[in-house]
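Architecture at a glance
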Amino acid sequence: MDEAFQSAAAAAAAAAVAVSTAFDGTVDAASMAAAAAAGAAAALPELPELPALPVDSRPLPPWPATASCPQFAALFQSHCQEVHARLLAQQWDAVGLVWVKFWTTLPDPARTEALQEAAAKDVETLEKVAYDAFVDALLPDVFRALSSILTKQIRTFAKHTETWMASAMRDFPRSFATARSDNATLFAQKLRRYTSLNHLAQAARAVLKNATHVAQMQTDYSRVDFSNVQEQAAWACEGCDVAVMGRLEEEFRGFLVEGCTLEHWAQWLQRVVRQCLHGHETAPDFQDKAHDLLLRWSFVSSLIIRDLTLRSATSFGMFHLMRLLCDEYMYFLVEKAVGAASCPTLTHIPGGGEELLSRTELENPQDDVFDDDVEDGKRIREEDDFDEDFEEDED
């Protein structure tokens, strides 16, 4: 490993020592990084006795066969099972300790296997399966109601994953360490995107429950010049089918009625993805088709928002919120379609289900925190102060 990369890894470890997390666990990030820097196998806290969280305790998915690195794969699977258990128990900082301990104490035979050039693809596949399982453990349903405290804890956990991985990789070759750090970054980004999607969903759910808001949206949308939108989209987007656009616009208009739930919108967006990508799943250009769908969707929705803006639509804020939700959910669906090479069919809990709480809230319930707004909006604010919760996450 060259001197520049050694310096970068040392700086990352020093940064980890300087950072103390705000988690409610028993070991903080500074202790984790200090133990890693010393090369010691830190003693991990036992899983506490907690009330069962309302999250599916699903096992890890089937582990892929890895002929190039069987010893490493077996150890990595055991490591991932522990990470999975600690994530379900919300031991955020302990996950960092487990992460660093695994990589810094990896036995030489397994380490040698993993570092082989022939094993690079298998190691990548193992990480992808593990990270997808971790995301599903924390957010099994992106529309499920989450408490604001749990949401912030997940996002704070995501912030620290890159630092933890940099500390764990300090003694590995540059190319291997970069690949592991890149995957950890993608994992963190996915957690941030999914929690943002979840927040948008809860805000949109409150809007859709308000009959006055829905009626105003219906009135404003009826004034949109969609024929002009179609013409511009057909001119700008090669291969854009005007007939398909017209059919989708009619379906969209039908959703602007009182009583249409967030789950109805989700089902419609899933149908849009299936209609546009069906038959291309096994084609070599499937990923390109999926990317084209996202670009066309974004362009058409921006034209509609522009029209509403120029008309000074009263419900502009509500349409902006629904546009953000639809764009994020469309990206979510296309990402899953590309990853699985098939269009997903997802089922969401009606109404968001029972709110998932953090371990802190489970251990210290406070009846006075709840008010009459819980049943009507799960304490989700209106769209005018929608971004307030995540301001500090965008530093």
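Look up a bit, the structure's there.
Our subject in this report is the structure included herewith. The shown structure was predicted, so the numbers you read here are calculated from the model rather than taken from an experiment. (Residues numbered from 1 in each chain as written. Predicted model: local features only at pLDDT ≥ 70, side-chain atom pairs only at ≥ 80, totals over all residues. Heavy atoms only, no water.)

**Focus: the packing of aromatic side chains**
- In the structure shown here, the tally under the stated rule is 28 aromatic pairs.
- Centroid distance Phe134 to Phe187: 6.2 Å. Interplanar angle 70°. Geometry classified as edge-to-face. On the criterion of sequence distance, the pair formed by Phe134 in helix α6 (residues 120–138) and Phe187 in helix α8 (residues 174–208) is long-range, its members being 53 residues apart.
- Judged by its relative accessible area of 4%, Phe134 is buried. (Phe/Tyr/Trp six-rings, centres within 6.5 Å; stacked < 30°, edge-to-face > 60°. Helix = DSSP H or I, 4+ residues; strand = E, 2+ residues; numbered from the N terminus. Buried < 20%, exposed > 50% of the residue type's maximum accessible area, 1.4 Å probe, protein only.)

**A closer look at empty space enclosed by the protein**
- In the structure shown here, the tally under the stated rule is 5 cavities of 30 Å³ or more.
- Estimates place the volume of the second largest cavity at around 60 Å³.
- Taken together, Phe76, His79, Cys80, Val83, Trp99, Trp103, Glu127, Ala130, Tyr131, Phe134 and Met165 form the lining of the second largest cavity.
- Those elements that place two or more of their residues in the lining of the second largest cavity are α3 (70–88), α4 (92–104) and α6.
- Of the residues contributing to the lining of the second largest cavity, the split by class is 9 nonpolar, 1 polar and 1 charged. (1 Å grid on protein atoms, 1.4 Å probe; cavity = no way out; pocket = protein on both sides within 12 Å on 5 of 7 lines; lining within 4 Å. Points joined across faces, edges and corners; volume = space filled by probe spheres on them. Nonpolar A, V, L, I, M, F, W, Y, C, P; charged D, E, K, R; others polar.)

**Let's talk about the packing of helix α12 (residues 262–277) against helix α13 (residues 286–310)**
- Two numbers describe how α12 lies on α13: the axes approach to 10 Å, and their chain directions differ by 130°. Our classification of the angle between α12 and α13 gives oblique. Of the two elements, α12 crosses α13, and the hand of that crossing is right-handed. Counting all contacts with α12, which are made through Trp268, Leu269, Val272, Val273, Cys276 and Leu277, the residues of α13 involved are Phe286, Lys289, Ala290, Leu293 and Trp297.
- In the contact of α12 with α13, the residues fall into 10 nonpolar, no polar and 1 charged. (Axes fitted to C-alpha atoms, helices over the stretch in contact; angles between N-to-C directions. Parallel < 35°, antiparallel > 145°, perpendicular 65-115°, else oblique. Left-handed = near helix turned anticlockwise from the far one by under 90°. Contact = heavy atoms within 4.5 Å.)

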